[in-house]
Amino acid sequence: MADNANSFFAKPAVAIVTGASKGIGRAIAIEFAKRFTEGLLLVLTGRSDKDLQETVSLIQADSSSPSKLTVRCVVGDLQNQSTIQKLFGNLFEDINPSKYDHAILINNAGSTGDISKYVRNFGLNDLPELQDFFFLNVNCPLLLVSKFLSVFSVQESASSEKRPSRLTIVQITSLAAVIPIKSWSIYCTGKASRDALHRIIAAEEPSARVLSYGPGPVMTDMLRHGRDFSGDPDTANNLSELYKRAVQPQKTASVLCNFLEEDKYESGAHVEFGDITGAPR
Ligand SMILES: NC(=O)c1ccc[n+]([C@@H]2O[C@H](COP(=O)([O-])OP(=O)(O)OC[C@H]3O[C@@H](n4cnc5c(N)ncnc54)[C@H](OP(=O)(O)O)[C@@H]3O)[C@@H](O)[C@H]2O)c1
């Protein structure tokens, strides 16, 4: 366990969480709000303003959230290439990096893509949807990390202004990055790409701590969608079984936070909820 002064949660921090309007991203935001003791700027993003406001209400309703907490919501579609520059601008707007000792990026937002069909059933008419999927799930995390480093990394800073001494980049991955799931070709490929991307970031940025965290099966809209709409019958059955033992988002967010605080992982590693808790993978 890291000593108190070096604890993950003990420094004034800024944390950007994508996909914080529901599910796992919302739970991570709530957990962060509770745990940071020396001040936290939480920047939350998603497409639904209403759901983001619900996340803020849940944070505010929690009496254990410390007073030195600011929450900022940025509404936007991370899949829309024509508005992405503006959205990134809004995300980092008004952040003074010299005010924070720890900067955190949680690349959580994601989608399943088309899970209704096998690879052999894709055609050229699917190209626009494939491009949208890979923009949201792979290109966007890459560009966000790049922007994050340009704002917070000492190496990127032209001035002698203070920068956070600690940088953490977490992406929410899946076991799908390493096992084949029939009719989930796009999702599996996207997650494998994201894992590779974050391994490379870890190699290129030794001053940052990088983690690919697989949250396990979690009761969210995404898992319900997978259970109900998988094209492959075996996959649909497996996901029905998985759903029965899925955990609540709060549980996996709490396990992630404890793991980050323990700080014993190899930067760039893919670590599953089950690896940490002993639950079946
Ligand atoms: N649930 C599981 O069992 C499970 C297992 C392994 C990995 N994961 C991963 O965990 C992450 C979170 O998933 P979840 O289960 O919490 O799903 P979820 O409840 O459906 O939440 C997905 C989040 O991503 C955001 N999002 C989706 N498309 C977006 C877009 N185009 N632009 C901006 N934001 C977008 C959604 O916000 P809006 O709807 O407001 O846009 C929402 O906040 C994903 O990367 C997923 O692959 C989940």
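For the structure, check the block above.
Reading the values: the criteria
Every residue gets a number counted from 1 within its own chain, in the order that chain's sequence is written. The predicted nature of this model means local features are confined to residues of pLDDT at least 70 and side-chain atom pairs, given and counted, to a pLDDT of 80 or more, with totals for whole chains, interfaces and linings taken over all residues. Comment: elements are numbered from the N terminus, with helices defined as DSSP H or I runs of at least four residues and strands as E runs of at least two. In this scheme, a helix's expected span is set at 1.5 Å multiplied by one less than its residue total. Here a residue counts as buried when 20 or more other C-beta atoms fall within 10 Å of its C-beta, as exposed when 12 or fewer do, and as partly exposed in between; the C-beta atoms come from the backbone. By definition, residue pairs are in contact when their C-beta atoms, positioned from the backbone, come within 7 Å. A pair of strands counts as paired when DSSP detects no fewer than two bridges linking them. Crossover handedness is defined by viewing with both strands directed away from the observer: a clockwise path from the first strand over the helix to the second marks the crossover as right-handed. Think of it this way: take the backbone, place a C-beta atom on it, and check whether that atom is within 6 Å of the molecule or strand, in which case the residue is near it. Throughout, the ten residues Ala, Val, Leu, Ile, Met, Phe, Trp, Tyr, Cys and Pro are labelled nonpolar, Asp, Glu, Lys and Arg are labelled charged, and all others, Gly among them, are labelled polar.

1. A short note on helix 4 (residues 127-152)
- Here helix 4 is 26 residues long and its end C-alpha atoms lie 35 Å apart, about the 38 Å a rise of 1.5 Å per residue gives.
- For helix 4, the full list of buried residues reads Phe-133, Leu-136, Asn-137, Cys-140, Pro-141, Leu-144, Val-145, Phe-148, Leu-149, Val-151 and Phe-152.
- In this structure, the buried residues of helix 4 make contact with helix 3 (84-92), strand 4 (102-107), strand 5 (166-172) and helix 5 (185-204).

2. Considering the pairing of strand 1 (residues 13-18)
- Within strand 1, six of the six residues are buried, which leaves the element mostly enclosed by the surrounding structure.
- Of the two faces of strand 1, the one lined by Ala-13, Ala-15 and Val-17 and the one lined by Val-14, Ile-16 and Thr-18 are each fully buried.
- The pairing of strand 1 with strand 2 (residues 40-46) spans six bridges and is classified as parallel. For Ala-15, the partnering residue across the bridge sits in strand 2 and is Leu-42.
- Since strand 1 and strand 2 lie parallel, the crossover through helix 1 (residues 23-35) that links them has a hand, and here it is right-handed.
- Alignment of strand 1 against strand 4, held across five bridges, turns out to be parallel. Each residue of the ladder has a partner; that of Ala-15, found in strand 4, is Ile-104.

3. What about the site of the ligand?
- Lining the immediate surroundings of the ligand are 28 residues, of which Gly-19, Gly-23, Gly-46, Arg-47 and Gly-110 lie closest.
- Contributions of two or more residues to the shell around the ligand are made by helix 1 and helix 6 (221-229).
- Among the residues making up the shell around the ligand, the classes are represented as 10 nonpolar, 13 polar and five charged.

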